[in-house]
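Coordinate analysis (summary)
Residues per chain are reported as follows:
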Amino acid sequence: MKIIKSVGTFFMMLTLLSCAELQQVVNQLPNGTTLGNEEIANGLRAALNNGIDKQVGKLTQTDGFYKNQLVKILLPEELQKVDKTLRDIGLGNLADEGLKVLNRAAENAVSEATPIFINAIKGITFNDAKSILLGTDNAATTYLTQTTKTELYNKFNPVIKSSFRKVGADKIWSSLINKYNSIPLTANVNPDLTDYVTNKALDGVYTMIAVEEKEIRTKISSRTTALLQKVFALQD
């Protein structure tokens, strides 16, 4: 655990330094301590693995989506008046159950994500690591989005489709949306429930990774060793 915290803190420190300053940090480390290219890449891999275990794992739990306001899947904006109408006439429980179907399907699908992320993280080179560590505040999230989104979609989609078929939600949704889309002057809504929730599930996964990345980059409360105290003294 101490190693993971150290890696996470080092990850944040690197984003604030130029390559020259990074070398200065390395030169000032205690005698016998070295940080080569592979160590830096391994450090980033460890930090990302830890973040995925922590944040993506939460989404696989019951209510991981449904009770998380950052990622809760709602009806499309154009149809939220349907949800409101149900609640206005005392059918709030029915509206809740409808939303739970969407979110439960996403929670089931996210269990497929971890192996894909692990493979993407294994492929991070030193140049990738340097670009991420010295990049924008969401550089790691962007990297993972670019390297995993297509594969995750292909994994999530059949799981979500299966969840909907069990309760007949796909047919109900398609009928409802097609009728809605036939109304004049309304903006068309995606009638494919599986595609809609798959994309929302992906958004949720990357949102939580971004949350963890921000924490890794900004949290400075884990200066638990002399090495970390020495390193952070350079930015104070």
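Only a predicted model underlies this, so the values are computations on that prediction, with no experimental measurement involved.

Describing the confidence of the model for the protein
- Here the protein shows a mean pLDDT of 75. Residues at 70 or above account for 73%.
- Within the model, the stretch residues 1-35 combines pLDDT values under 50 with 62 contacts to residues more than four positions away or in other chains.
- Throughout residues 222-236 the model reports pLDDT below 50, and contacts reaching past four residues in sequence, or to other chains, amount to 29 contacts.

Side note on the nonpolar core
- Counting 49 residues, the largest nonpolar core has Phe117, Phe156 and Val197 as its most contacted members.
- Elements represented by at least two residues in this core include exactly α3 (37-59), α5 (92-109), α6 (113-122), α7 (126-133), α8 (139-167), α9 (169-181) and α10 (193-218).
- By residue number, the principal contributor to this core is α10, which donates nine residues.

What about the packing of α7 against α8?
- Put simply, α7 and α8 touch, their axes get as near as 8 Å, and they point 135° apart. On the basis of the axis angle, α7 is oblique to α8. Here Asp128, Ser131 and Ile132 of α7 lie close against α8, whose contacting residues are Ala139, Ala140 and Tyr143.
- Looking at the contact of α7 with α8 residue by residue, the class counts come to four nonpolar, one polar and one charged.

Structural notes on a nonpolar patch on the surface
- Together, Ile89, Leu91 and Leu94 make up a nonpolar patch on the protein surface, roughly 290 Å² of accessible area in all.
- Its location among the elements puts Leu94 in helix α5.

Quick notes on α8
- Over its 29 residues, α8 runs 39 Å from end to end, which matches the ideal 42 Å to within 8%, given 1.5 Å per residue.
- All buried positions along α8 are accounted for by Ala139, Ala140, Thr141, Tyr143, Leu144, Thr148, Leu152, Phe156, Asn157, Ile160, Ser163 and Phe164.

Here's the deal with the packing of α6 against α8
- Direction vectors running N to C along α6 and α8 enclose 150°, while the axes themselves pass 10 Å from each other. The handedness of the crossing between α6 and α8 comes out as right-handed. Touching Ala113, Ile116, Phe117, Ala120 and Ile121 of α6 are Tyr143, Leu144, Thr147, Thr148, Glu151, Leu152, Lys155 and Phe156, all from α8.
- Each residue belonging to the contact of α6 with α8 can be placed in one class, and the counts come to nine nonpolar, two polar and two charged.

Structural notes on empty space enclosed by the protein
- Applying the stated criterion across every chain, the model contains two cavities of 30 Å³ or more.
- Estimated volume of the largest cavity: approximately 60 Å³.
- If you trace the largest cavity, you find 10 residues lining it, with Leu48, Gly51, Ile209, Glu212 and Glu213 closest to the centre.
- Across the lining of the largest cavity, the residue classes break down as seven nonpolar, one polar and two charged.

Looking at the packing of aromatic side chains
- With the rule as written, the count across this model stands at one aromatic pair.
- Residues Phe117 and Tyr206 carry aromatic rings whose centres are separated by 6.2 Å and whose planes lie at 90° to one another, so their mutual orientation is edge-to-face. A residue pair is termed long-range when its members are at least 10 positions apart, and Phe117 in helix α6 and Tyr206 in helix α10 qualify at 89 residues. Tyr206 matches Phe117 in its accessibility class, with the two residues each being buried.
- Sitting above the plane of the Tyr66 ring, Lys72 keeps its charged end 4.5 Å from the centroid.

Let's talk about the environment of Thr150
- One can find Thr150 in helix α8.
- Of the residues examined, Thr150 reaches a relative accessible area of 61% and is grouped as exposed.
- Along the sequence, Thr150 and Leu202 sit 52 residues apart, while their C-alpha atoms lie 9.9 Å from each other.

As for α5
- With 18 residues, α5 should cover 26 Å at 1.5 Å per step; its first-to-last C-alpha distance of 26 Å lies within 8% of that length.
- Along α5, the residues classified as buried are Gly92, Ala95, Leu99, Leu102, Asn103, Ala105, Ala106, Glu107 and Ala109.

Details of the pattern of salt bridges
- This model, assessed by the stated rule, comprises five salt bridges.
- A salt bridge links Lys54 to Glu212; the shortest N-O distance between them is 3.7 Å. Note that Lys54 is positioned in helix α3 and Glu212 in helix α10, a separation of 158 residues in sequence.
- Residue Glu212 is classed as buried on the basis of its relative accessible area of 5%.
- The partner of Asp63 in a salt bridge is Lys67, with the nearest N and O atoms 3.6 Å apart.
- Linked through salt bridges whose partners overlap, the residues forming this network are Asp63, Lys67, Arg104 and Glu107.

Thresholds, definitions, all that
- Residues numbered from 1 in each chain as written.
- Predicted model: local features only at pLDDT ≥ 70, side-chain atom pairs only at ≥ 80, totals over all residues.
- Heavy atoms only, no water.
- pLDDT = per-residue confidence, 0-100.
- Contact = heavy atoms within 4.5 Å.
- Core = buried A, V, L, I, M, F, W, Y, C linked by side-chain atoms within 4.5 Å.
- Buried < 20%, exposed > 50% of the residue type's maximum accessible area, 1.4 Å probe, protein only.
- Helix = DSSP H or I, 4+ residues; strand = E, 2+ residues; numbered from the N terminus.
- Axes fitted to C-alpha atoms, helices over the stretch in contact; angles between N-to-C directions.
- Parallel < 35°, antiparallel > 145°, perpendicular 65-115°, else oblique.
- Nonpolar A, V, L, I, M, F, W, Y, C, P; charged D, E, K, R; others polar.
- Patch = residues over 30% accessible without salt bridge, like charges linked within 9 Å, V, L, I, M, F, W, Y side chains within 5 Å.
- Areas by Shrake-Rupley, 256 points an atom, 1.4 Å probe, with all protein chains shown as cover.
- Salt bridge = Lys/Arg side-chain N within 4 Å of Asp/Glu carboxyl O.
- Expected span 1.5 Å × (residues − 1).
- Left-handed = near helix turned anticlockwise from the far one by under 90°.
- 1 Å grid on protein atoms, 1.4 Å probe; cavity = no way out; pocket = protein on both sides within 12 Å on 5 of 7 lines; lining within 4 Å.
- Points joined across faces, edges and corners; volume = space filled by probe spheres on them.
- Phe/Tyr/Trp six-rings, centres within 6.5 Å; stacked < 30°, edge-to-face > 60°.
- Lys NZ or Arg CZ within 6 Å of the ring centre and 35° of its normal.

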